[in-house]
Amino acid sequence: IHSNIPVKSTFIILSLIFLFSCRKSDVDVQPEQECLIVSYATDTTSSGYHYNFKYDGKRLVEIRGKYWNSFFWQPEDTLFISYNPDNKLNAIGNASKSNLTTKFHYGDDGNLSSKISYSLIPFPTSKTDFEWKDGNISRIRISYYQINGSPNHIENYIERLERVLDLEYNERGNVIYVKIKGYSDVLTEIRYEYDSQPNPHKRWHALQGGKSPELMYLLSKNNMTRASYSIKDKYSQVYDSPYQYNDKGYPLHGPFNQRMLNIQYECL
């Protein structure tokens, strides 16, 4: 999702999200109530970004964000989210039309097949294609559009493949391995470990699809506790994410650098 709202990844407003403080048993903790995130901040001082979310039932329909510019709060910027008659995500965009609009497309099987972002319809900027296996997204192909000639003619927009992601899941529905093949032939591998608590981002990210390879763990049922990165077997890095939970069993802040703070939930 692209917007004036300062986010690293879409709906996602999803940057590296969520920490974990102590490991649970391998038995999934089933909360009595499903809880939806209604707000969070990226900083507890005045310099932080603040986000608020509006729902229609369980459907996320609006994201509002504002930030402090050292003098005063900036006006809220709002992303609107629409759904098709089958209750599937249809489009995400800004009412001012000053930002990119993303549209979602589905195959005959009902699964998300692609999403395309536009600078101004019908002129595309990027495309993400999805393949599915056993009810999960198994492969993601990310492309951008190269413009040869005038940007005012759609025939001048040529799709170029940028990278391919292959995903593997464990029996609990968590993404445990991501292989990323880039356009420069660089191979990156990411392995994930998880807690047994409910991941409140799964609903958003499964619909969004996600463009950032580092955020594929958000497709999972549980919260990621460790990420191990390897690039061409020459570089490796491990990040641990300890969490704290509220009394419903949901995380209270985000991973790695705690850039998602003061998370507030509404439980159904």
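Residues numbered from 1 in each chain as written. Predicted model: local features only at pLDDT ≥ 70, side-chain atom pairs only at ≥ 80, totals over all residues. Heavy atoms only, no water.

Engineer: Can you lay out the nonpolar core for me, pointing to particular residues and giving the numbers?
Structural biologist: One recurring pattern in soluble globular proteins is that nonpolar side chains are buried together. Residues Phe53, Ile140, Leu165, Leu167, Val178 and Tyr192 are the most contacted members of the largest nonpolar core, which totals 43 residues. Sorting elements by how many residues they give to this core places strand E1 (residues 35–41) first, with four residues. (Core = buried A, V, L, I, M, F, W, Y, C linked by side-chain atoms within 4.5 Å. Buried < 20%, exposed > 50% of the residue type's maximum accessible area, 1.4 Å probe, protein only. Helix = DSSP H or I, 4+ residues; strand = E, 2+ residues; numbered from the N terminus.)

Engineer: Account for the confidence of the model for the protein chain, naming residues and giving values.
Structural biologist: Caution is warranted with low-pLDDT regions, since their predicted coordinates should not be read in detail. Summary statistics for the protein chain give a mean pLDDT of 80 and a share of 76% for residues scoring 70 or more. Looking over the protein chain, one finds the lowest element-wise mean pLDDT in helix H1 (residues 202–208), namely 61, and the highest in strand E10 (residues 157–169), namely 95. Segment residues 1–28: pLDDT under 50, and 123 contacts once partners within four positions in sequence are set aside and those in other chains are kept. (pLDDT = per-residue confidence, 0-100. Contact = heavy atoms within 4.5 Å.)

Engineer: Describe the state of the cysteines, and please don't skip the residues or the numbers.
Structural biologist: Here the structure, examined in full by the defined rule, presents one disulfide. Each disulfide pairs two cysteine sulfurs, and for cysteine 35 the partner residue is cysteine 267, the sulfurs being separated by 2.0 Å. Disulfide cysteine 35-cysteine 267: the torsion about the S-S bond is 90°, which places it as right-handed. A residue pair is termed long-range when its members are at least 10 positions apart, and cysteine 35 in strand E1 and cysteine 267 in strand E15 (residues 261–267) qualify at 232 residues. (Disulfide = S-S within 2.5 Å.)

Engineer: Residue-level account of a nonpolar patch on the surface, with values.
Structural biologist: Together, Ile231, Tyr235 and Tyr239 make up an exposed nonpolar region whose accessible area comes to about 260 Å². Take isoleucine 231: it is sitting in strand E13 (residues 222–231). (Patch = residues over 30% accessible without salt bridge, like charges linked within 9 Å, V, L, I, M, F, W, Y side chains within 5 Å. Areas by Shrake-Rupley, 256 points an atom, 1.4 Å probe, with all protein chains shown as cover. Salt bridge = Lys/Arg side-chain N within 4 Å of Asp/Glu carboxyl O.)

Engineer: Explain the pairing of E13 to me, and be specific about the residues and the numbers.
Structural biologist: Where burial is concerned, most of E13 is hidden: seven out of the 10 residues are buried. Where strand E12 (residues 187–198) and E13 come together, eight bridges link them in antiparallel fashion. When the sheet's bridge partners are listed, threonine 188 is paired in E13 with isoleucine 231. Summarising the sheet, E13 and strand E14 (residues 235–240) pair through six bridges and their orientation is antiparallel. Counted as the bridge partner of isoleucine 231 is tyrosine 235 from E14. The antiparallel pairing of E13 with E14 creates a hairpin that spans three residues between the two strands, and lysine 232 there sits at a positive phi of about 50°. (Pairing = 2+ DSSP bridges.)

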